[in-house]
Amino acid sequence: MSKSKILFQLSGSIACYKACQVISRLVQDGHEVQPVCTQGALRFIGAATLEGLTGKPVFSDTFTSGRMLDHVNLAKWADLAILCPASADVINRLAVGNASDCVGSLFLAWDLKKPYLVAPAMNQQMMAHPATQESLSKLASWKVHILGTGSGYQACGDIGPGRLLEPEQLLEAIRKAIAGALP
Ligand SMILES: Cc1cc2nc3c(=O)[nH]c(=O)nc-3n(C[C@H](O)[C@H](O)[C@H](O)COP(=O)(O)O)c2cc1C
């Protein structure tokens, strides 16, 4: 598999721990992985884990000294972007072009001719809400690759769709995207 520069963005979901396994595997496969976090993601996972796994400081604040243009430069640098886990909140923000944080800015700066993957993770009711469904449809109409979700037990005790895909399924989607084989 060719080696890629991957912008790996995490948002505030309990599934952040699963994303760490994916990041570790991508690094082991020889890819360069730049971690990006919303402030929400940092409530679930520490920057030390992500920097330790990738060897790169986490980008989480657009106004960080020394990184003032990373909200554009990282979008130019990467071959592929993935938002994983993608919270309901960030999905809805992206769908209205909200650039109030680094993930939103990077999305607007992203050239959608390059693959941008979204891996939703949320409660089944949040997933079914028309706001979320319309946002996912809008993103898909812009050629964003919306990955599926698993169905089953959720942390809140509900059972239904909205679970983050398993690490192997996420890796498979990323490999396909790198190979230009995503539909
Ligand atoms: C324990 C806990 C788990 C959560 N899990 C999720 C989740 O899996 N998906 C989701 O969309 N929101 C989840 N939330 C709510 C989000 O963290 C919240 O909407 C937050 O504003 C998301 O911010 P961000 O999108 O900027 O990261 C959870 C909140 C808590 C306290």
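Above this text you will find the structure in question.
Residues numbered from 1 in each chain as written. Predicted model: local features only at pLDDT ≥ 70, side-chain atom pairs only at ≥ 80, totals over all residues. Heavy atoms only, no water.

**Let's talk about the sheet that holds strand E4 (residues 116-120)**
Strand order across the open sheet formed by 5 strands is E2-E1-E3-E4-E5, with parallel pairing between neighbours. Edge positions in the sheet fall to strand E2 (32-37) and strand E5 (145-146), since each has one partner strand and no second. Relative to strand E3 (residues 80-86), strand E1 (residues 5-10) runs parallel, the two being bridged by 4 bridges. When the sheet's bridge partners are listed, leucine 7 is paired in E3 with alanine 81. Packed on one face of the sheet, helix H5 (residues 102-109) meets E1, E2, E3 and E4 and runs near 125 degrees to E2. (Pairing = 2+ DSSP bridges. Helix = DSSP H or I, 4+ residues; strand = E, 2+ residues; numbered from the N terminus. Contact = heavy atoms within 4.5 Å. Axes fitted to C-alpha atoms, helices over the stretch in contact; angles between N-to-C directions.)

**So, the packing of helix H4 (residues 88-95) against helix H7 (residues 130-141)**
Helix packing geometry: the angle between the two helix axes and the distance between the axes. Running from N to C, H4 and H7 point in directions that differ by 50 degrees, and their axes come no closer than 9 Å. Here H7 runs oblique to H4, going by the angle between their axes. Relative to H7, the crossing made by H4 is left-handed. On the side of H4, the interface is formed by Ala88, Ile91, Asn92, Leu94 and Ala95, while H7 contributes Ala131, Thr132, Ser135, Leu136, Lys138 and Leu139. Classifying every residue of the contact of H4 with H7 gives 7 nonpolar, 3 polar and 1 charged. (Parallel < 35°, antiparallel > 145°, perpendicular 65-115°, else oblique. Left-handed = near helix turned anticlockwise from the far one by under 90°. Nonpolar A, V, L, I, M, F, W, Y, C, P; charged D, E, K, R; others polar.)

**A short note on the state of the cysteines**
Counted according to the given criterion, the structure contains 0 disulfides. Here cysteine 16 is not cross-linked by a disulfide; its sulfur's nearest cysteine counterpart is in cysteine 37, at 6.8 Å. Cysteine 37 sits in the buried class, given a relative accessible area of 0%. (Disulfide = S-S within 2.5 Å. Buried < 20%, exposed > 50% of the residue type's maximum accessible area, 1.4 Å probe, protein only.)

**As for helix H3 (residues 70-77)**
Three- or four-residue spacings in an α-helix give side chains the same orientation, since the helix completes a turn every 3.6 residues. Considered for burial, the residues of H3 that qualify are Asp70, His71, Leu74 and Ala75. The arc that holds the buried residues of H3, viewed along the axis, is 130 degrees, so those residues lie on one side. Turning to H3, the residues buried within the fold contact E1, E2 and H5. (Arc of directions from axis to C-beta.)

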